[in-house]
Amino acid sequence: MAGAAEEALVEKSRIAVPYKWSAGLTGSRFLKTVAAERRFRASRCPACEKVFLPPARACGRCLRDCVDGPEVGPRGILLSFTQALYDSPAHPAKRPIYGLIRLDGADTAVLHRLEADSLDALRIGLAVEPVFAADGEPGVLALRCFRPAVGS
Amino acid sequence: MSPGRVAVIGVGRSRPAFRRPESGFAELVHEAVTACLEDAGVSIAEVGNIVTCSNDFMDGRTISSMAVGDAAGAAAGEGKNISTVEGDGTLAAYYGMSRILSGGYASTLVVAHAKHSEGDYRLITNAWFDPIYERALGLDWMSAAALQARLVMDGRRLCVGDLDRVVERNRRHGAGNPEATLRAGVSPEELSGSPMMAPPLRAADISPLADGAAALLLGSEEFAGGRAKRPVWVAGAAFSADPRMTDRDLSGAPALRRAAESARRMAGLEKLPGEVDFVELDESFSYQQPLWLAELGLETLDDERINPSGGSACGRSEGVAGLDRIIAAARRLRGDAPVPLKNARLALAHGSGGPCAQSHCVWLLGN
């Protein structure tokens, strides 16, 4: 058996498997509308009236198909926030600031990046507004981030 | 014949260390399983079936449970029924218990493992998030929990000093526990100098990730009767999960409340306060302890009765964490714990998992 000073070999590798995830038709319509029209179209459960943003095709509580909901936002309120002060290969930029945001009129929240000078500029309940990407390719990053709303 | 009650007959875990480069993950499983069988005084031939708990993403291979079958004893004799759970080990134990209560088996060996030193937990937990709407943002277990930490601290009026007390207590308790990975107290200077990782979370608030495996042998009343020298009885067990973190109030943990209520009913108790003598809670972060205690209605427990083992703050392995809490509770109920605790008759052990602890499993264990 191995002695105390004996070292084990370590196999270094990585798993890289390409994926193609469907956003579904409900999600695709939403993402395209955000990119092209800069509007947020929610879905609504016909039974419990819950408003989902991003739109859900079905309500998890009632298991009913959702219907087209109201347009929500574009402003929202900041439910919570943080900044990753450590490095991660998953980070899209150094020291990203994150927010948990509920768009006005929605019952669910979204996670997204925040643009702020510092965390001191942020507080729970702050009004925030979206910042759209210039090129507007459909996808979550067509919405670049949120920032404190002008006039808030 | 009715299987009656279920007992924890044996417990075992791998040698505690943050990094175990000399052993593969299946070897850690073997270590925990053999320690457990030895503790129980039961041979693998007597074991009815096996439930393993693992996470393919952590192991870096799919159906990774198949890679630990031999290590867990699945090939012994004519081969044993082996099944797998992904999530916290307390859920695997629940499955193992159900297999006994349904009359299918007289005993279940439950084993969980995780080797945090082999993968990148930032990337692994980034993959928790929805690939369409969230993953590109780069969130992980730590930054997501920081969002919950702010809400819990705001909602419960907690200050940094409150978190300091949680960390100090856990670390002080763990210093005396030979099964804790981190066996050192923490000074006020270390706490005040702890670097901010994701405000309001400091490094000191985050349970350090460790390599580990843990195993339990559960048995029916009849199986335990002939064998177990010091059985610990399962009075109640239950689990529940909350909606995803964007669809719930993160300042509370209703799933923990529901799980505790179900376990309490199963145990035939009127209430938990006054009945539960000590708790072993799984906390990935310090802010979770005051929230868990509040949801359990056990905020008035004495200092020495909250995580007397030191808890997950002294080394946490995903999936293993809840089994470690059951093991710590069982050892103390048996009188094996190094630091004695008076009147330790009924314990609450807890496991949690998912972003911002979306799922909870509660065990009530007694002599």
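We now turn to the structure provided with this report.

Opposite the 36 residues of chain A that make contact, chain B presents 34 residues. Buried area between chain A and chain B, both sides added, is near 3,000 Å², and the carbon and sulfur share of it is 69%. A salt bridge links B:D247 to A:K50; the shortest N-O distance between them is 2.7 Å. Our count for the contact surface shared by chain A and chain B stands at 11 residue pairs in polar contact (both at pLDDT 80 or more). Every element with two or more residues in the side of chain A that touches chain B is listed here: helix 1 (24-37), strand 4 (76-83), strand 5 (97-103) and strand 6 (110-114) of chain A. If you tally residues by element for the side of chain A that touches chain B, the top one is strand 4 of chain A, at 5 residues.

Attention now moves to the sheet that holds strand 1 (residues 40-44) of chain A. Where strands meet in a sheet, backbone hydrogen bonds hold them as pairs that are either parallel or antiparallel. Spatial strand order, 2-1-3 (chain A): 3 strands in an open sheet with antiparallel pairing. Taken across any chain shown, the strands that pair with only one partner, and hence form the sheet edges, are strand 2 (51-52) and strand 3 (67-72) of chain A.

With that settled, the discussion passes to helix 12 (residues 321-334) of chain B. Residues and elements named next belong to chain B. Under the 1.5 Å per step criterion, the end-to-end length of helix 12 is 20 Å for 14 residues, consistent within 8% with the ideal 20 Å. Taking burial as the measure, the 14 residues of helix 12 include 14 buried ones, the bulk of the element. Of the residues flanking the end of helix 12, it is G335, one or two places downstream, whose phi is positive at about 85°.

This part is about the packing of helix 4 (residues 89-101) of chain B against helix 12 of chain B. All names here are of chain B. Where helix 4 meets helix 12, the axes come as close as 6 Å, and the angle between the chain directions of the two elements is 70°. Between helix 4 and helix 12, the angle is such that the two are roughly perpendicular. Between helix 4 and helix 12, the contacting residues are G89, T90 and A93 on the first element and G322, L323 and I326 on the second. When its residues are assigned to classes, the contact of helix 4 with helix 12 shows 3 nonpolar, 3 polar and no charged.

Residue and element names in this part refer to chain A. Evaluation of the coordinates by the stated rule reveals 35 salt bridges over all chains. A salt bridge links E129 to R75, with the shortest nitrogen-to-oxygen separation between them at 4.0 Å. Linking E129 in strand 7 (residues 127-132) with R75 in the loop between strand 3 and strand 4, this pair joins segments that are 54 residues apart in sequence. Classification of E129 as buried rests on a relative accessible area of 14%.

With that settled, consider the side chain of B:N307. Residues and elements named next belong to chain B. Along the chain, N307 falls in the loop between helix 11 (288-296) and helix 12. By relative accessible area, N307 is classed as buried at 0%. Here the side chain of N307 touches N170 through a polar contact of 3.1 Å, side chain to side chain. Apart from the residues within four sequence positions on either side, N307 is in contact with N170, H173, V279, E280, L281, E283 and Q289.

The subject of this paragraph is the side chain of B:E283. Residue and element names in this part refer to chain B. Tracing the chain through its elements places E283 in the loop between strand 9 (278-280) and helix 11. An unpaired buried charge is present at E283: no salt bridge exists, and R169, the closest side chain of opposite charge, is 7.0 Å distant. Of note is the side chain of E283, whose polar atom sits 3.1 Å from the side chain of N170. Discounting residues that sit within four places of it in the chain, E283 has contacts with V166, N170, S207, Q288, Q289, W292, N307, S312, A313 and R316.

Definitions and cut-offs
Residues numbered from 1 in each chain as written. Chains lettered and ligands numbered in written order. Predicted model: local features only at pLDDT ≥ 70, side-chain atom pairs only at ≥ 80, totals over all residues. Heavy atoms only, no water. Contact = heavy atoms within 4.5 Å. Buried area = accessible area lost by both parts, 1.4 Å probe. Salt bridge = Lys/Arg side-chain N within 4 Å of Asp/Glu carboxyl O. Polar contact = N/O pair within 3.5 Å; in protein donor to acceptor, adjacent residues only side chain to side chain. Helix = DSSP H or I, 4+ residues; strand = E, 2+ residues; numbered from the N terminus. Pairing = 2+ DSSP bridges. Expected span 1.5 Å × (residues − 1). Buried < 20%, exposed > 50% of the residue type's maximum accessible area, 1.4 Å probe, protein only. Axes fitted to C-alpha atoms, helices over the stretch in contact; angles between N-to-C directions. Parallel < 35°, antiparallel > 145°, perpendicular 65-115°, else oblique. Nonpolar A, V, L, I, M, F, W, Y, C, P; charged D, E, K, R; others polar. Lys, Arg positive; Asp, Glu negative; His and termini not counted.

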